[in-house]
Amino acid sequence: MTVPSGSTFAIKSAIVSFLLATSCQSETEKISPTVESITESVYASGIVRSKNQYQVYAAANGLVQEILVKEGDLVKKGDPLIILLNESAQLNVANSRLAAEYAALEANRDKLTELKVAIDLSASQLQNDSLLAVRQRKLWSQNIGSRVELEQRELAYQQSKTNYEVAQIRYNDLKRQLEFASQQSRNNLRISSSLANDFIVKADTDGKVYKILKEKGEFVNTLNPVAVVGDANNFYVELSVDEYDIARIQEGQRVLMTMDSYQGELFEARVRQIEPLMSEQSRSFTINADFVKRPEVLFPNLSLEANIVIKAKDNALTIPRKYLIGDSTVLLSNGETKKVTTGLMDYQKAEIVSGLSKEDVLILPKL
């Protein structure tokens, strides 16, 4: 059986292409161990958080009457953000203020002055009746006058003394009542003002308004946030680590990160806190880390991917992990297999502790 010349040429070309491809493949598959640095790390996904970032809640229910800030504004602690509409609270404040002014001690000073005058008059009367009683006793001791006159003078003195004491008691009682009413009305005013103040949503800390979650005229309750506020300049990283890796994480470990917003750049942080409670939904732990190297411009909730460095070693003998067979065997260029002892591993490389040298040549094992 003969083959057409065109078919012969096609077969030869295919054989040449296969040999070239096999030759190139075999060349690229041969490698020797390399001395370099290697790190072992744990993968984590995460987001950027603003320090002191929090959701702002209203202390009362109501309609949004006015929004005093816009997203991106810098605010100080106590600055009003949103005003809620509530006429009854404002009327209660006005009534409490009127009651406080009416019951104020200074406003009732005339009543106290009146009783003070009565005390002074009764004191003068007491002094006068006391002198008359003393004089009458002297006369009686000299057998001058009658016993009835002495008894009348004594009775008048006792009556004046009683009147003086009663006047003092009335003055003290009235003063105590006025002070009580004044303090009570001031307390009521503070309570009403505090309740009215609940309809003004304020910032709890200094920072930047990152999000306004309500619009004018919208109903607000105490269960749903109305805004998000956080530090304008200080940021940290919130990472999510799988429960299988959490035992290897420690405070102070190095974190290397990449962000979609800054492709091609590498940033660094340090583990600051390991939150001890695992999320039952994601079966992961939250790790907080502080920036060591960060972009100039950051925004809350930027996504990132990170590697938390567990161990690191310089001048390690390494090979690509794909050249390992079962993490303990390699295939030499002469076709022999050889046992090796591995050390640190990352996602691409493995450290060879023993079993190979820099002069050995490996080939990629077939799957």
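Not measured: the values here are computed from a predicted model.

Before we go on, may I ask you to explain the overall build of the chain in this structure?
Looking only at helices and strands, the chain has four helices and 18 strands in total. A buried classification covers 32% of the 367 residues belonging to the chain. In the chain, once contacts between residues fewer than 6 apart in sequence are set aside, the share between residues at least 24 apart is 72%.

Explain the confidence of the model for the chain to me, please; I cannot follow it from the model alone.
Low pLDDT marks regions whose predicted coordinates should not be analysed in detail. Taken as a whole, the chain shows an average pLDDT of 82; of its residues, 84% reach a score of 70 or greater. Every residue in residues 1-28 is under pLDDT 50, and counting partners more than four places away or in other chains gives two contacts.

Can you help me understand the sheet that holds strand 9 (residues 227-230) in this one?
Spatially, four strands are ordered 2-9-7-4 in an open sheet, and the strand pairing comes out antiparallel. In the strand order of this sheet, the two ends are held by strand 2 (54-56) and strand 4 (74-75), each with one partner.

I tried to follow the sheet that holds strand 3 (residues 62-67) on my own but got confused; where do I start?
The strands that make up a sheet pair up through hydrogen bonds in the backbone, lying either parallel or antiparallel. Strand order across the open sheet formed by four strands is 6-5-3-8, with antiparallel pairing between neighbours. Looking at strand neighbours, the two that pair on one side only are strand 6 (200-202) and strand 8 (219-220), the edges of this open sheet. Bridge count between strand 5 (residues 80-85) and strand 6: three bridges; the pairing is antiparallel. Along strand 6, the bridge assignment pairs Ile-82 with Val-201.

When you look at the pairing of strand 17 (residues 341-345) in this model, what are you seeing that I'm missing?
Regular strands have side chains that alternate between both faces of the sheet. Of the strand pairs in this sheet, strand 17 and strand 18 (residues 349-354) are connected by three bridges, and their pairing is antiparallel. Looking across to strand 18, one finds that Thr-342 is bridged to Ile-352.

It is not clear to me how the side chain of Ser-122 should be interpreted in this structure. Could you clarify?
Summarising the element assignment, Ser-122 is placed in helix 3 (residues 109-141). A relative accessible area of 9% places Ser-122 in the buried class. Not counting the four nearest positions on each side in its chain, Ser-122 is found in contact with Ser-160, Asn-163, Tyr-164 and Ala-167.

Looking at this structure, how should I read the pairing of strand 18?
Relative to strand 18, strand 14 (residues 303-320) runs antiparallel, the two sharing three bridges. The residue of strand 18 that forms the bridge with Ile-319 is Ala-350.

Is there a simple way to think about the pattern of salt bridges in this case?
As a working rule, side chains carrying opposite charge can pair if their charged atoms are close by. By the definition in use, this model includes 15 salt bridges. With a closest N to O distance of 4.0 Å, Asp-290 and Lys-51 form a salt bridge. Linking Asp-290 in strand 13 (residues 284-293) with Lys-51 in the loop between strand 1 (34-50) and strand 2, this pair joins segments that are 239 residues apart in sequence. On the basis of relative accessible area, Asp-290 is assigned to the partly exposed category, the value being 21%.

Where do I start with the nonpolar core in this structure?
A general tendency of soluble globular proteins is for nonpolar side chains to be buried together. Membership of the largest hydrophobic core comes to 27 residues, with the highest contact counts inside it found for Leu-239, Val-255 and Met-257. Of all the secondary structure elements, the ones that give two or more residues to this core are strand 1, strand 10 (235-242), strand 11 (254-259), strand 12 (262-274), strand 13 and strand 14. Sequence-distant contacts of Val-255, defined by excluding residues within four places in its chain, comprise Leu-239, Phe-267, Glu-268, Ala-269, Val-271, Ala-289, Ala-306, Asn-307 and Ile-308. Grouped together as the second largest cluster of nonpolar side chains are 19 residues, Ala-58, Ala-60, Val-201 and Val-220 included.

When you look at the environment of Gly-145 in this model, what are you seeing that I'm missing?
Relative to the assigned elements, Gly-145 resides in the loop between helix 3 and helix 4 (147-197). Among all residues touching Gly-145, those that are not within four sequence positions of it are Gln-136 and Trp-140.

Got a minute to help me understand a nonpolar patch on the surface in this structure?
Nonpolar side chains collect at one region of the surface, where Leu-63, Leu-85 and Phe-219 lie side by side and expose about 270 Å² of accessible area between them. Structurally, the position occupied by Phe-219 is in strand 8.

Explain the side chain of Thr-329 here, please?
Here Thr-329 lies in strand 15 (residues 329-331). Look past the residues within four positions of Thr-329 in its chain and what remains in contact with it is Tyr-323, Leu-324, Thr-337, Lys-338, Lys-339 and Val-340.

Explanation requested: unusual backbone geometry in the structure shown.
Note on backbone geometry: most residues besides glycine have negative phi, and most peptide bonds are trans. The phi dihedral of Asn-301 is positive, around 75°, even though this residue is not glycine. Structurally, Asn-301 can be placed in the loop between strand 13 and strand 14. Owing to a relative accessible area of 46%, Asn-301 belongs among the partly exposed residues under this scheme. The phi dihedral of Asn-315 falls on the positive side, at around 55°, and the residue is not glycine. Tracing the sequence through the fold places Asn-315 in strand 14.

Any chance you could explain the environment of Phe-291 here in plain terms?
With respect to the helices, strands and loops of the structure, Phe-291 is situated in strand 13. For the pair Phe-291 and Val-48, spaced 243 residues apart in sequence, the C-alpha separation works out to 10.0 Å. Setting aside its immediate chain neighbours within four residues, Phe-291 contacts Val-48, Phe-235, Tyr-236, Val-237, Met-257, Met-259, Glu-268, Ala-269 and Leu-298.

So, how was this worked out
- Residues numbered from 1 in each chain as written.
- Predicted model: local features only at pLDDT ≥ 70, side-chain atom pairs only at ≥ 80, totals over all residues.
- Heavy atoms only, no water.
- Helix = DSSP H or I, 4+ residues; strand = E, 2+ residues; numbered from the N terminus.
- Buried < 20%, exposed > 50% of the residue type's maximum accessible area, 1.4 Å probe, protein only.
- Contact = heavy atoms within 4.5 Å.
- pLDDT = per-residue confidence, 0-100.
- Pairing = 2+ DSSP bridges.
- Salt bridge = Lys/Arg side-chain N within 4 Å of Asp/Glu carboxyl O.
- Core = buried A, V, L, I, M, F, W, Y, C linked by side-chain atoms within 4.5 Å.
- Patch = residues over 30% accessible without salt bridge, like charges linked within 9 Å, V, L, I, M, F, W, Y side chains within 5 Å.
- Areas by Shrake-Rupley, 256 points an atom, 1.4 Å probe, with all protein chains shown as cover.

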